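Topology and contacts: notes
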Amino acid sequence: MIDKKQIKVILFCLLLTTTVYAQQPVSIIPEPVAMQQLSGSFELPANIGVALPDGDLGHTFDLLRSKITTAWGYTVSKTNSAKAHIVLSLNSAENGQLGEEGYALAVEKDKVNISANTPAGLFYGVQTLLQLFPADIESNEPLDGIKWRIPLVRITDYPRVGWRGLMLDVSRHFFTVDEVKRYIDNMSRFKYNIFHLHLTDDEGWRVEIKSYPRLTEVGAWRVGKTGNFNFMSTPEPDEPKDYGGFYTQEDMKELVRYAKDRFINILPEIDVPGHSTAAIVAYPELSCTEGADKYTVHAGQGFLDWSKGAPPIAAIDNTLCPANEKVYEFMGKVLAEIAALFPFEYIHVGGDEAPHNFWEKNDQIRALMEREGLKSIPEVQSYFEKRVEKIVHGLDKKMIGWDELLEGGVSKTTAIMSWRKGKAGIGASNKGHKVVFSTSNEAYYNLMQGDRSTDPPLPFPLSMTLRFVDAYNKFDPIPADADARYVLGGQANLWTEMIYNSRQLEYMTWPRGLAMAENLWSPPEHKDWKHFSEKAQQFFKRFDAAEIKYSRAIYDPIVSLSRAGEKYFVSLRTEIEGLDAYLSFDYSEPDNFYPRYTGPIEIPKDAVIMRVTTYRDGKRIGRMLNISLADLKKEVR
Ligand code: ACM
């Protein structure tokens, strides 16, 4: 039997739960390791005091101050801890659980305490605190009449993996220093700590190298084209090569500092021996193919044939010549300048997709094979990679490269970025290579995240999609069969062949970047798409307030077609529950007065277009997709 006292306790608990539920639910991405929400909130005064420990804290205080003063018009000043409303402290005795990047955050009735073992931990604590404020904290204009309340919480938090990265390809399209800074700021909101810059490729060399000035005088510029990458027309000789850009060494130092202040390391990539057309155009002697002096920096015309598998067959030789001593002199000087610019312990040397077909026919390569006892063309690439590895080690750096390096017998100190299938990275970890997972089916954010009619196609004749739900559910930085001791972490890669500007770059990154951030930081036992997708939708309000472009494909229907004889049937699904879909085949825009979609529908034989959208709670929420039925029918097997 329950006595009166017990009933009182139960009623009190119920009351407590309802009070908690009545508050705005806390949405933090990445999900913290442990969080307890209490009832009540702390309403901040108009003059906020912040107490800070001594030492270099990077951008932490300025971040807090700029957000609060911009959106609220409040003042934020440094003060001692007795008077402070927000106290940041470095633990005097190291707290082992928090490690190098963790933090503890407590919001009490009249004070916020954030403690950590390191300045990085304090920065992450402040990022979490900012997510506890209303979404309007992101406003770029002062707002009146808002009560700036923070819910009372206790959080203990630290990351699952130490390498939490995003890669940006600045070769296929160039992004200015200010655009890159904005990108870094956005990454830092979600506790990313590695920014991989893909600095060189066939379409442009983007970092000033003082010992080889033509790399950027010539190699950074091409004929500008707009269209489908790999299917662009070949430039005419008289078309101006005025599209591109590069970072001076001063720009690069500024970006490194900017990132470091946000506890992000920049990983530079010089992609060799393949993907090197821009370098060869600047210095044709780096090639061992005759006629390389006639090459131009690629403008998006197709030149690699993948129909026979990897490596591709190249129509022009985009490789640095492994049989040419000038190439090693070049790599020595270039990497020395790179090593001096980027303090991060790793240098990325590419290694992917190097075509071998020109090497197979080359006398210099044949002579090298004889001299060095190399039995096959893949061994020629191994020879090249081992010499590059020696250069990198001579600069006191560690080497990392794409998983093709595994074919080259590089030493165990070289880390592998596993991009093709996870199998390569899993194998590498079991052999004792450090590994970063960024697999193309799960972590390539150049893949479409929505319908073909809304997103840019890939530069290949493939229609691959990586929806937000799959970016979240299908990526695991520590796959089951990997040796976790060797897994550094993971990253998403933004290849920019079809990303022409920084708004589109944001659109392709977010919200999928939230999925990667949570997969890299949060304990796997917290993984829960329903909860995560609800939080992500709360973040859409923050993105709106901060004017960050993002994809709302999560609200669009996922369209698929099936065929039975001459008849086609269309089926619709959605990534999240609670959406109603409406469609038409008669060019009219469907609304919620049309019949609601409930199951596969036969497509009228003569229909040309399908229009489809979604509603939630009687309000239009999805985009109006206008889908060519001829295109859709092509995809049915
Ligand atoms: C790659 O996507 N070629 C690394």
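What you see is a predicted model; the values in this text were computed from it and never measured. (Residues numbered from 1 in each chain as written. Predicted model: local features only at pLDDT ≥ 70, side-chain atom pairs only at ≥ 80, totals over all residues. Heavy atoms only, no water.)

Further remarks concern the pairing of strand 8 (residues 163–169). A large share of strand 8 lies buried, amounting to 7 of its 7 residues. Burial along strand 8 is two-sided: the face carrying Trp163, Gly165, Met167 and Asp169 and the face carrying Arg164, Leu166 and Leu168 are both buried. Pairing of strand 8 with strand 9 (residues 194–198), which is carried by 5 bridges, proceeds in the parallel orientation. Of the residues in strand 9, the one forming a bridge with Gly165 is Ile194. (Buried < 20%, exposed > 50% of the residue type's maximum accessible area, 1.4 Å probe, protein only. Helix = DSSP H or I, 4+ residues; strand = E, 2+ residues; numbered from the N terminus. Pairing = 2+ DSSP bridges.)

Turning our attention to the pattern of salt bridges. With the rule as written, the count across this model stands at 36 salt bridges. The partner of Lys294 in a salt bridge is Asp293, with the nearest N and O atoms 3.5 Å apart. By relative accessible area, Lys294 is classed as exposed at 63%. Salt bridges sharing partners connect three or more residues here, namely Asp169, Arg172, Asp201, Glu203 and Glu497. (Salt bridge = Lys/Arg side-chain N within 4 Å of Asp/Glu carboxyl O.)

With that out of the way, let us pick up the state of the cysteines. Counting across every chain of the model gives 1 disulfide. The disulfide partner of Cys288 is Cys321, and the gap between their sulfur atoms is 2.3 Å. Between Cys288 and Cys321, the disulfide has an S-S torsion of 90 degrees and is therefore right-handed. You can see Cys288 sitting in the loop between helix 7 (277–282) and strand 15 (304–305) and its partner Cys321 sitting in the loop between strand 16 (313–314) and helix 8 (325–341), a full 33 residues away along the chain. The two residues Cys288 and Cys321 agree in class, both being buried. (Disulfide = S-S within 2.5 Å.)

A few words now on the environment of Val570. With respect to the secondary-structure elements, Val570 resides in strand 23 (residues 567–573). Residue classification places Val570 among the buried residues on the basis of a relative accessible area of 0%. Each C-alpha atom, one on Val570 and one on Val559, is 6.9 Å from the other, the two residues being 11 residues apart in sequence. Once residues lying within four places of it in the same chain are set aside, the contact partners of Val570 are Val559, Ser560, Leu561, Leu583, Phe585, Tyr597, Pro600, Ile601, Ile603 and Met610. (Contact = heavy atoms within 4.5 Å.)

Right, let's talk about the side chain of Ser382 for a bit. Note that Ser382 resides in helix 11 (residues 377–394). Ignoring anything within four residues of it in the chain, the contact list for Ser382 reads Glu407 and Gly408.

What follows is about helix 12 (residues 422–430). Gly425, Ile426, Ala428 and Ser429 are the residues of helix 12 that are buried. Projected down its long axis, helix 12 shows its buried positions confined to an angular sector of 165 degrees, all on one face. Two residues or fewer after helix 12 comes Gly432, characterised by a positive phi angle close to 95 degrees. (Arc of directions from axis to C-beta.)

This part is about unusual backbone geometry. Of note, the bond from Ala310 into Pro311 is cis; its omega dihedral lies within 30 degrees of zero at -10 degrees. Tracing the chain through its elements places Pro311 in the loop between strand 15 and strand 16. For the bond running from Trp510 to Pro511, omega is 10 degrees, close enough to zero to count as cis. Inspection of the secondary structure assignment puts Pro511 in the loop between helix 15 (502–509) and helix 16 (512–521). Backbone geometry at Asp617 places phi at a positive 50 degrees, although glycine is not the residue there. Mapped onto the secondary structure, Asp617 falls in the loop between strand 26 (609–616) and strand 27 (619–620). By relative accessible area, which is 73% here, Asp617 ends up exposed.

Attention now moves to the confidence of the model for the chain. Taken residue by residue, the chain gives an average pLDDT of 93. The fraction at 70 or more is 96%. Note on residues 4–22: pLDDT is under 50 here. Beyond four places in sequence and across chains, it has 8 contacts. (pLDDT = per-residue confidence, 0-100.)

Counted by the stated rule, this structure contains 32 aromatic pairs. An angle of 15 degrees between the planes, with centres 4.1 Å apart, marks the rings of Trp72 and Trp148 as stacked. Placement of the pair is Trp72 in helix 2 (residues 60–72) and Trp148 in the loop between helix 3 (119–132) and strand 7 (149–157), with a sequence separation of 76 residues. We note that Trp72, like Trp148, is buried. Taking 4.8 Å as the distance between ring centres and 70 degrees as the angle between the ring planes, the aromatic pair formed by Tyr212 and Phe330 counts as edge-to-face. A residue pair is termed long-range when its members are at least 10 positions apart, and Tyr212 in the loop between strand 11 (204–205) and helix 5 (214–217) and Phe330 in helix 8 qualify at 118 residues. Both residues of the pair, Tyr212 and Phe330, count as buried. Here the aromatic cluster, defined as three or more aromatic residues joined through ring pairs, consists of Phe190, Trp510, Phe539, Phe540, Phe543, Tyr550 and Tyr555. If you follow Arg262 out to its NZ or CZ, it ends over the ring of Tyr258, 3.5 Å from the centre. Directly above the aromatic system of Tyr328 lies the positively charged group of Arg387, at a separation of 3.9 Å from the ring centroid. (Phe/Tyr/Trp six-rings, centres within 6.5 Å; stacked < 30°, edge-to-face > 60°. Lys NZ or Arg CZ within 6 Å of the ring centre and 35° of its normal.)

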